Amino acid sequence: VSTPFEPGERIMLVDARERRYLLVLQQGGSWHSHGGAVWHDQLIGQLEGTEVRSATGMLFQAFRPRMADFVLKMPRGAQVVYPKDSGAILVHADIYPGARVVEAGTGSGALTIAICRAAGPDGYVVSYEIRPEFLSTATRNIESFFGKLPDALELREGDVRRLRGETYDRAILDLPEPWTALRAVGGALEPGGILATYLPTTGQVQQLVLALSEGGFAHVETFEVLHRSWHVTERSVRPDHRMIAHTGFITVARRVAGT
Ligand SMILES: C[S@@+](CC[C@H](N)C(=O)[O-])C[C@H]1O[C@@H](n2cnc3c(N)ncnc32)[C@H](O)[C@@H]1O
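I will try to describe carefully the structure that is included in this document.

1. Notes on the packing of helix H2 (residues 83–92) against helix H3 (residues 110–119)
Reasoning step 1: At their nearest, the axes of H2 and H3 sit 10 Å apart, and the two run at 40° to each other. On the basis of their axis angle, the class for H2 and H3 is oblique. Crossing hand, H2 versus H3: right-handed. Packed against H2, whose contacting residues are Ser86, Ile89 and Leu90, the element H3 presents Leu111, Ala114, Ile115 and Ala118 at the interface.

2. Topic: the packing of H3 against helix H4 (residues 132–146)
Reasoning step 1: Put simply, H3 and H4 touch, their axes get as near as 10 Å, and they point 40° apart. With respect to each other, H3 and H4 are oriented oblique. Considering only the axes of H3 and H4, their crossing is right-handed. On the side of H3, the interface is formed by Thr112, Ile113, Cys116 and Arg117, while H4 contributes Asn141, Ile142, Phe145 and Phe146.
Reasoning step 2: Residues that form the contact of H3 with H4 fall into these classes: five nonpolar, two polar and one charged.

3. Section: the site of the ligand
Reasoning step 1: If you check the shell around the ligand, you find 23 residues, and the closest are Ser108, Glu129, Phe134, Asp159 and Asp174.
Reasoning step 2: Taking Gly109, its main chain carries an N or O atom lying 3.1 Å from an oxygen atom of the ligand.
Reasoning step 3: Leu111 is positioned such that a nitrogen or oxygen atom in its backbone is 3.2 Å from an oxygen atom of the ligand.
Reasoning step 4: Out of a free accessible area of 610 Å², the ligand has 88% covered by protein chains.
Reasoning step 5: Breaking the shell around the ligand down by element, the ones donating at least two residues are H3 and strand E8 (124–129).
Reasoning step 6: In terms of residue class, the shell around the ligand is built from eleven nonpolar, seven polar and five charged.

4. A word on the sheet that holds strand E9 (residues 153–157)
What links the strands of a sheet is backbone hydrogen bonding, and the strands pair in either a parallel or an antiparallel sense.
Reasoning step 1: The strand order across the open sheet built from seven strands is E9-E8-E7-E10-E11-E15-E12, with neighbouring strands paired in mixed fashion. Sheet topology places E9 and strand E12 (217–223) at the edges, where each strand pairs with a single neighbour. Direction aside, the axes of adjacent strands within the sheet are offset by 15° on average.
Reasoning step 2: Taken together, the five bridges between E8 and E9 define a ladder with parallel strand orientation. Its bridge partner lying in E9, Val125 is registered against Leu153.
Reasoning step 3: Strand contacts of H4: E8 and E9, with the helix running at about 160° to E9, the strand carrying the most contacts.

Definitions and cut-offs
Residues numbered from 1 in each chain as written. Predicted model: local features only at pLDDT ≥ 70, side-chain atom pairs only at ≥ 80, totals over all residues. Heavy atoms only, no water. Axes fitted to C-alpha atoms, helices over the stretch in contact; angles between N-to-C directions. Helix = DSSP H or I, 4+ residues; strand = E, 2+ residues; numbered from the N terminus. Parallel < 35°, antiparallel > 145°, perpendicular 65-115°, else oblique. Left-handed = near helix turned anticlockwise from the far one by under 90°. Contact = heavy atoms within 4.5 Å. Nonpolar A, V, L, I, M, F, W, Y, C, P; charged D, E, K, R; others polar. Near = heavy atom within 4 Å. Polar contact = N/O pair within 3.5 Å; in protein donor to acceptor, adjacent residues only side chain to side chain. Areas by Shrake-Rupley, 256 points an atom, 1.4 Å probe, with all protein chains shown as cover. Pairing = 2+ DSSP bridges.

This is the structure:
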């Protein structure tokens, strides 16, 4: 059931050119853009999809942001995993409600948010980040998205290669040299457990894949996700001129028993 917007809620305004703006509603507050002010009180108590006009007459529609809208607008320390890739990572790494997942590095927290949502309140998500300033940004982003840090999440400042004595169903590595973490992460994964990595260059992928087959992993798959949006009007239907050309390669592998 769609409920009316309340003070304290984060909402998204979308203009006629599909530009998106996030703001937190406050009684008596205002939001200023190139198109003049929008008063928060015009929105509080209204339903999603409501249209508002700014002081200069510019039209906006108001919605609650999707996770993908939030992640692309949130403050970044490290480069985030794009929504097109986080969707594929969640499915190919098979993150399910209740899964125990170890992740590194937390970076800006984009992938952590997606993992927490998929693992749910019965899951257990541990995320390692070596750089304290990135961990602070990620903590703020995750808190801001969920309203508070999820109980199922444990953020740890430190090197994932120090991981010892814990067992996980899934591991997700978005860091530059994942092959150096294979001993620690492989040791923590259940037999049949799944590791997914995200790497920007082919040299890194090759080094990782060679290390995986020597390091107790099988069924190694590498792929990338190409997302091409389309321009659809009465007069023409064609691919958009621009697309994100390259983000990263996803590699997925399964832990074999007894190694
Ligand atoms: C590309 S960013 C991760 C972005 C993150 N997936 C997101 O969506 O916001 C890579 C992060 O890994 C961290 N890192 C690198 N090596 C690490 C290690 N051995 N243990 C923990 N974190 C590490 C870096 O400091 C950096 O913040």
